[in-house]
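# A closer look at the structure
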Amino acid sequence: MTEQALPERSRGRRLWLRLAEVELRDFGVAVAFIALFLALTFASSHFLTTGNLSNLLDQWGPLGLLTIGETICILAGVFDLSVGAMVSVTGVTATKVALSTSPTVGLVAAVAAGLGLGIANGVAIHLTRINSFIGTLAMSIIYGGLAILITGGNIVTVDNLRFGYIGQDGAFGITYVGWFFLGFTVLAIVLIARTTFGRYVYAVGGNAEAARLSGIRVDVIRTSCFAISGLAAGLAGMLLASRTQSAQADIGTGYELTAISAAVVGGTSIFGGDGAVWRGFVGIMLLAIIGNGFNLLNINTTYQQIVQGGLIFIAVAADQLLRRRV
Amino acid sequence: MPPAPADLEEAPHETARPLLELRGISKNFGGVHAVVDASVSIAPAAVHGLVGENGAGKSTLGKIVAGALEPDAGEIVLDGKPARFHNPREALAAGIALIAQEIALVPKGTVEENVLLGIEPQSSGLLHPREHRRRFNELNARTGFGLSPTARVETLRVAEQQKVEILRAIARDARLIVMDEPTAALTRDESERLVAVIRRLAASGTAVLFVSHYLDEVLSVCDTVTVMRNGRVVRTAPASHETQQSLVQAMVGREVTLEYPEKTSPPESAPVLEVEHLSREGVLEDVSLSLRAGEIVGIAGLVGSGRTELVRALIGVDRADGGEIRLDGKPVRLRGARQAERHGVVMLPEDRKRQGLVMSRPVRENLTLASLGDVSRSGFVSRRREAARTGELAGEFDIRARSLDAPVATLSGGNQQKALFAKWLARTPRVLLADEPTRGVDVGAKRQIHELIARLAREGMAVLLISSELEEVLGLAHRIVVMRRGRIVAEYSSDEATMDRVLAAAFATEAA
């Protein structure tokens, strides 16, 4: 994150300086990520090991899924504050349904529930025309209540080992959780970077009025983004429930803030229409290796919070600074 | 030519030292010269009118006086001393207040709170309700407004809200109040009352700079009138020496016009687009017009006369309350840009930054946004086809960009506008509704756009052209309709239309 070190708002900037700025804006977070990655590689012999990296993907996979969904929402100019609550609902759905039917049905039900809740977010916001920030906040409170209703306030445990397979096993040295995260990321990158839908997401986020006058159905695009975010939350809920073979009503609490932070740290503009899915990936992985670094280097983890908070400030400030000049 | 100097009886303040003098003021926006070398002097306790066509620079000059804009060149002299305002706050401190077109009050606050906002009587941070009320009553009595101190501003009519703004200015000891189109949002009745208020203000010692479109009001309220044209001051004269006709003539001038492409008369044919009795509450009243293939129909009228509202209601982005639209004689109901485009009707919106382009996205993506399906297969955008298509469009419309992958915001205004054309013409529609197609572009690009519009018409496209530049409408259109307050008030063929006639219709003065 070196953007903020860049020049003041002088008017007569030279071309090369402007080009450097564009590059830094585009790749500042990637440079920061690589620098930190290399630094940790040298500072700790445990960092660059298959075990450690695979473990990082596994630990941060559920949050990573949420970050990808959130990034897409922010690109479309909306926020989804309900992802944490959706993880809770889908997690407990997985366990409850698994207990009453079969493990597989439970797992699938979680994903379906996530998708449904996401669509509900989009439709509710479209119908009421309230601001997405407040709208999804309200929905998250509703979903939180729903999760408690489902569990009755208890931890729901599933003993059937088949239920834990997907959250605990793996293949080719990476857990299924990691694979889900990577796979979802790749699909989302293709969707946003290559398809007409992706184009419309950028257009809607960049200038909703121009998009509407270009014949794009703004509400449909945004509802789809909420649906994708819900799907990601469903996958995360399923994986978390499977990992511990249990779920309770607060498993997702607070996740939305980390997801939004990671999306923003990655360099996606909070004003919408500017950013990319890979940025969400880099953002969450940057948070992951910062935490990992603190552990490996035995630094008091309290500092980790301070660093993460600072990063968010830097990312948003850099975005606004650069934006003002366009 | 300026008439004889003011005689003392009619303008008693002319000979006194001016309250405020503008000397050689210039202001550019990008490459556009909004105000050029303007000099005006405003007498104390008088009402000074500022008139001109759309874009003549009158609002800009008003904002410069009130510190909302800083001039690029020139001098402001207040009470004989040079002054420089960096913002409205500094101007206010010097006794100059601005009442802009948009009301700037705290809607939930009471009248009294708004009037004394920021200058509340207080002692060590505590408010003094009784003193507060006393000061308000004093101001209210002085102006005779009769406003209720405890009414919430949001519950008041616009005219009443303007009174609150005026009181607020007076509470700050304003000696000059700049009013930008204060009557634009008012009914006839309310306008008349406001005019009376302005007279009373002047009588009690406050000068007013009255910027307005409405010549009858200007003549009835002002002591002195300054006419502007193309950013320059044409003349300043006592209102008693002017008539509506003389003002219109001064606004139009006898200018050498830009060269326009030669007009070829469109082939006789049945209309492509017919609009009948289109209405929309408060903005459009019973508008009917038709458009043939190859024909350019210009819509003239003042800002706010319903031109933009007409095209928006036509393609259905704003809902019409009534009326019929026919394409090739068949009635259609358009419910937005998407459906209109399918019928071959496209609208180029007036504000390219807010409505036309996604500024942060690359030129390329903007060019294909309205026709993405053409370069995609099963939902995937083909980069190769898109590159080929956008390359062609950039060539055809002469869009000069460092790279088509650069954000469209990095292009010049003219090139942005050409990109907007390219975006909407990529599928060759049959009807083009162009709203202010040359706003904020330089002369070279303007010419290119004129030629483009003429060429499209020659190739058979039906074009509805809205422009605040009357010259442009006269230069390009085969037929000109004039709108005023949501209605079509006149229609002229290209031969009949003259600046004077069209302006007279737009301002609703008795035709010369």
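Here the residue index of a chain counts from 1 through its sequence in written order. In the order they appear in the text, chains get letters beginning with A and ligands get numbers beginning with 1. Confidence filtering applies because this is a predicted model: local features only for residues at pLDDT of at least 70, side-chain atom pairs given and counted only at 80 or more, and all residues used for totals across whole chains, interfaces and linings.

### Concerning helix α10 (residues 218-244) of chain A
Along an α-helix, residues three or four positions apart point the same way, because every turn accommodates 3.6 residues. All names here are of chain A. Between the first and last C-alpha of α10 there are 40 Å, a value that for 27 residues agrees with the 39 Å anticipated at 1.5 Å per step. Burial runs high along α10: 23 of the 27 residues are buried. Each helix corresponds to a stretch of at least 4 residues labelled H or I by DSSP, and each strand to a stretch of at least 2 residues labelled E; elements are numbered beginning at the N terminus. Among the residues trailing α10, Gln 245 stands out with phi positive, at a value near 55°. Residue count minus one, scaled by 1.5 Å, sets the expected span of a helix. The exposure label follows from counting other C-beta atoms within 10 Å of a residue's C-beta, where the C-beta atoms are placed from the backbone and the thresholds are 20 or more for buried and 12 or fewer for exposed, leaving partly exposed in between.

### Examining the sheet that holds strand β10 (residues 207-211) of chain B
Residues and elements named next belong to chain B. With mixed pairing, the six strands of this open sheet are ordered in space as β6-β9-β10-β3-β11-β12. Each of the sheet's edge strands pairs with one partner strand only, and the pair in question is β6 (96-99) and β12 (232-238). Put simply, the sheet's adjacent strands are angled 15° from each other on average, direction ignored. Pairing analysis gives four bridges linking strand β3 (residues 47-52) to β10, with the strands arranged parallel. Directly across from Leu 50, in β10, lies its bridge partner Val 211. Between any two strands, at least two bridges found by DSSP are needed for them to pair. The convention used is that axes are lines fitted to C-alpha atoms, helices contributing only their stretch in contact, and that angles between N-to-C directions extend from 0 to 180 degrees.

### A short note on the nonpolar core
Put simply, a nonpolar core is buried Ala, Val, Leu, Ile, Met, Phe, Trp, Tyr and Cys residues tied into one set by C-beta atoms within 7 Å. One finds A:Ile72, B:Phe210, B:Leu433, B:Val463 and B:Leu465 to be the most contacted residues of the largest nonpolar core, which totals 257 residues. Examining the composition of this core, we find that 14 residues originate from one element, α10(A), more than from any other. Residue ranges for the domains originate in an automatic or database domain assignment. Built from parts of two domains, this core gets at least three residues from each of domain 1 (20-104 + 168-252) and domain 2 (271-507) of chain B. Beyond its immediate stretch of four places on either side in the chain, B:Val463 contacts B:Ile296, B:Leu432, B:Ala434, B:Ile453, B:Leu456 and B:Ala457. Contact criterion: two residues are in contact if their C-beta atoms, reconstructed from the backbone, are within 7 Å.

### Focus on the environment of A:Ser54
Residues and elements named next belong to chain A. One can find Ser 54 in helix α2 (residues 50-75). Its 17 C-beta neighbours within 10 Å are what place Ser 54 among the partly exposed residues. With residues near it in sequence (within four places) discarded, Ser 54 still touches Gly 173, Ile 174, Thr 175 and Gly 178.

### Some points on the interface of chain B and chain A
At the interface, 24 residues of chain B touch 18 residues of chain A. Elements with a contribution of two residues or more to the side of chain B that touches chain A: α10 (337-342), α11 (352-356) and β20 (380-381) of chain B. As a working rule, the residues Ala, Val, Leu, Ile, Met, Phe, Trp, Tyr, Cys and Pro are called nonpolar, Asp, Glu, Lys and Arg charged, and the rest polar, with Gly in that last group. For the side of chain B that touches chain A, the class distribution of residues is 14 nonpolar, five polar and five charged.

### Some points on the sheet that holds strand β21 (residues 431-435) of chain B
All names here are of chain B. One open sheet holds the six strands; their spatial order is β18-β21-β22-β15-β23-β24, and the pairing between them is mixed. The open sheet has two edge strands with one neighbour each: β18 (345-348) and β24 (487-493). Averaged over all pairs of adjacent strands, the angle between their axes in this sheet comes to 20°, without regard to strand direction. Bridge count for strand β15 (residues 296-301) against strand β23 (residues 479-484) is five bridges, and the pairing is parallel. Bridge assignment links Ala 300 to a residue of β23, and that residue is Val 482. The sheet contacts of helix α17 (residues 499-507) involve β15, β23 and β24, and relative to β23 the element is tilted by about 25°.

### Quick look at the domain arrangement of chain B
Here chain B is described as being made up of domain 1 (20-104 + 168-252) and domain 2 (271-507). Here the C-alpha centre of domain 2 of chain B lies 33 Å away from the C-alpha centre of domain 1 of chain B.

### Thoughts on the packing of helix α3 (residues 83-100) of chain A against helix α5 (residues 132-151) of chain A
Residue and element names in this part refer to chain A. In contact at an axis separation of 8 Å, α3 and α5 are set at 20° when each is read in the N-to-C sense. It follows that α3 is roughly parallel to α5 by the angle criterion. Crossing angle aside, the handedness with which α3 passes α5 is left-handed. Residues Gly 84, Ala 85, Met 86, Ser 88, Val 89, Val 92, Thr 93 and Lys 96 of α3 touch α5, and the partners they reach there are Ser 140, Tyr 143, Gly 144, Leu 146, Ala 147, Ile 150 and Thr 151. Here is the rule for angles: anything less than 35 degrees is roughly parallel, anything more than 145 is roughly antiparallel, 65 through 115 is roughly perpendicular, and the remaining ranges are oblique. Here is the rule for handedness: rotate from the far helix to the near one, and if that takes an anticlockwise turn smaller than a right angle the crossing is left-handed, while a clockwise turn gives right-handed.

### A short note on the packing of helix α7 (residues 176-194) of chain A against helix α12 (residues 277-296) of chain A
All names here are of chain A. α12 packs onto α7 with a crossing angle of 150° between their chain directions and a minimal axis gap of 8 Å. Compared by their axis directions, α7 and α12 come out roughly antiparallel. Residue-level contacts link Thr 185, Ala 188, Ile 189 and Ile 192 of α7 to Val 277, Trp 278 and Phe 281 of α12. Its residues placed into classes, the contact of α7 with α12 shows six nonpolar, one polar and no charged.

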